[in-house]
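Chain by chain, the residues:
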Amino acid sequence: MTLQEEIAAFRPFDEQEAADQAVMLHCLQTRPAVLTRDDPVCHFTASNWIVSPDRRHVLMAWHNIYKSWAWTGGHADGEADLMAVALREAREETGLQALTPLWPGIYALEVVCVNSHVKRGRFVSSHLHLDCCYLWQADEAQALRVKPDENSGVAWIPIDEVERYSTEPEMWPIYRKLNAKLSDI
């Protein structure tokens, strides 16, 4: 199944996901470089919501650029298999090796506004991340490690305290929704 087919088949949880689904499908049809960072306005990313087996904790990383505890993930960089991108990023950013998918495909859709910032010494203009989030389960006993060029901490956060740890209020509705969707699994 192509990324466009996956996104078209996705069943939105709420009005936000339905609107973001329409934006993503439009971008896939009209923006030829949307799977790469060559599109400076918007491009695809894949993120992870990694929960403990008892669903009481979520694995987050201290993001060096945003100075906040955040989900893990990264840019598609030309790869259309966003689940594979998400899995690779989860392993690279946390050190986890064993992750079990809890949902058969895309768990959530988000169009995320990214403010301008400096990354690796280069200015990056404000843009949109067209994000496909994937839901995983991992054992809390697995060894964790940081990825110093991206994060400076990896920790299991109490799932009901995510907003206390995140310093990005714009992400709070996303994290709330990801947790709310867990009750359906």
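Note: the structure precedes this text.
Rules of the game
- Residues numbered from 1 in each chain as written.
- Predicted model: local features only at pLDDT ≥ 70, side-chain atom pairs only at ≥ 80, totals over all residues.
- Heavy atoms only, no water.
- Helix = DSSP H or I, 4+ residues; strand = E, 2+ residues; numbered from the N terminus.
- Rg over C-alpha atoms; globule rule 2.2 N^0.38 Å.
- Buried < 20%, exposed > 50% of the residue type's maximum accessible area, 1.4 Å probe, protein only.
- Contact = heavy atoms within 4.5 Å.
- Areas by Shrake-Rupley, 256 points an atom, 1.4 Å probe, with all protein chains shown as cover.
- Lys, Arg positive; Asp, Glu negative; His and termini not counted.
- Charge placed at Lys NZ, Arg CZ, Asp CG, Glu CD.
- Pairing = 2+ DSSP bridges.
- Core = buried A, V, L, I, M, F, W, Y, C linked by side-chain atoms within 4.5 Å.
- Expected span 1.5 Å × (residues − 1).
- Arc of directions from axis to C-beta.
- Polar contact = N/O pair within 3.5 Å; in protein donor to acceptor, adjacent residues only side chain to side chain.

## Comments concerning the overall build of the protein
Check the secondary structure of the protein and you find five helices and ten strands. Against the compact-globule benchmark of 16 Å for 185 residues, the protein has a radius of gyration of 15 Å, which places it among compact chains. Within the span of the protein, comprising 185 residues, buried residues form 48% of the whole. In the protein, 72% of the contacts between residues at least 6 apart in sequence involve partners at least 24 apart. Summed over all atoms, the accessible surface of the protein reaches about 9000 Å², with 55% contributed by carbon and sulfur. In the protein, 17 side chains carry a positive charge and 27 a negative one; their mean positions are 4 Å apart.

## A few points about the pairing of strand S10 (residues 151-158)
Burial analysis of S10 places six of its eight residues in the buried class, the great majority of the element. Here strand S2 (residues 57-63) pairs with S10 via six bridges, running antiparallel. What sits directly across from His-57, in S10, is Pro-158.

## Topic: the nonpolar core
Core analysis: the biggest nonpolar cluster contains 32 residues, and Leu-3, Ile-7, Phe-44, Ile-50, Leu-82, Cys-132 and Tyr-134 have the highest contact counts within it. Sorting elements by how many residues they give to this core places helix H3 (residues 82-94) first, with five residues. Leave out the neighbours within four places in its chain, and Tyr-134 touches Glu-6, Ala-46, Ser-47, Asn-48, Trp-49, Leu-82, Met-83, Ala-86, Gly-105, Ile-106 and Tyr-107. Core analysis: the next-biggest nonpolar cluster, separate from the first, contains 21 residues, Trp-71, Leu-102, Cys-133 and Leu-178 among them.

## Digging into helix H2 (residues 15-30)
Helix length check: H2, at 16 residues, gives a terminal C-alpha distance of 23 Å against a target of 22 Å (1.5 Å per residue), a fit within 8%. Taken together, the buried positions of H2 are Glu-17, Asp-20, Gln-21, Met-24, Leu-25, Cys-27 and Leu-28. Seen along its axis, H2 keeps its buried residues to an arc of 160 degrees; they face one direction. Projecting away from the buried face of H2 at angles above 90 degrees are the exposed residues Glu-15 and Gln-29.

## A few points about the side chain of Ser-47
Take Ser-47: it is sitting in strand S1 (residues 42-51). A polar contact is formed between the side chain of Ser-47 and the side chain of Asp-131, at a distance of 2.5 Å.

## Structural notes on helix H5 (residues 172-182)
Within the sequence span of H5, burial applies to Ile-174, Tyr-175, Lys-177, Leu-178, Lys-181 and Leu-182. Projected down its long axis, H5 carries its buried residues within an arc of 160 degrees, all on one side.

## Some points on unusual backbone geometry
Excluding glycine, residues mostly have negative phi values, and the peptide bonds linking residues are mostly trans. Phi at Arg-55 takes a positive value of approximately 65 degrees, unusual for a residue other than glycine. On the accessibility criterion, Arg-55 (26% relative accessible area) is partly exposed. For Arg-120, which is not a glycine, the phi torsion comes out positive at approximately 50 degrees. Assignment of secondary structure puts Arg-120 in the loop between strand S7 (117-119) and strand S8 (122-124).

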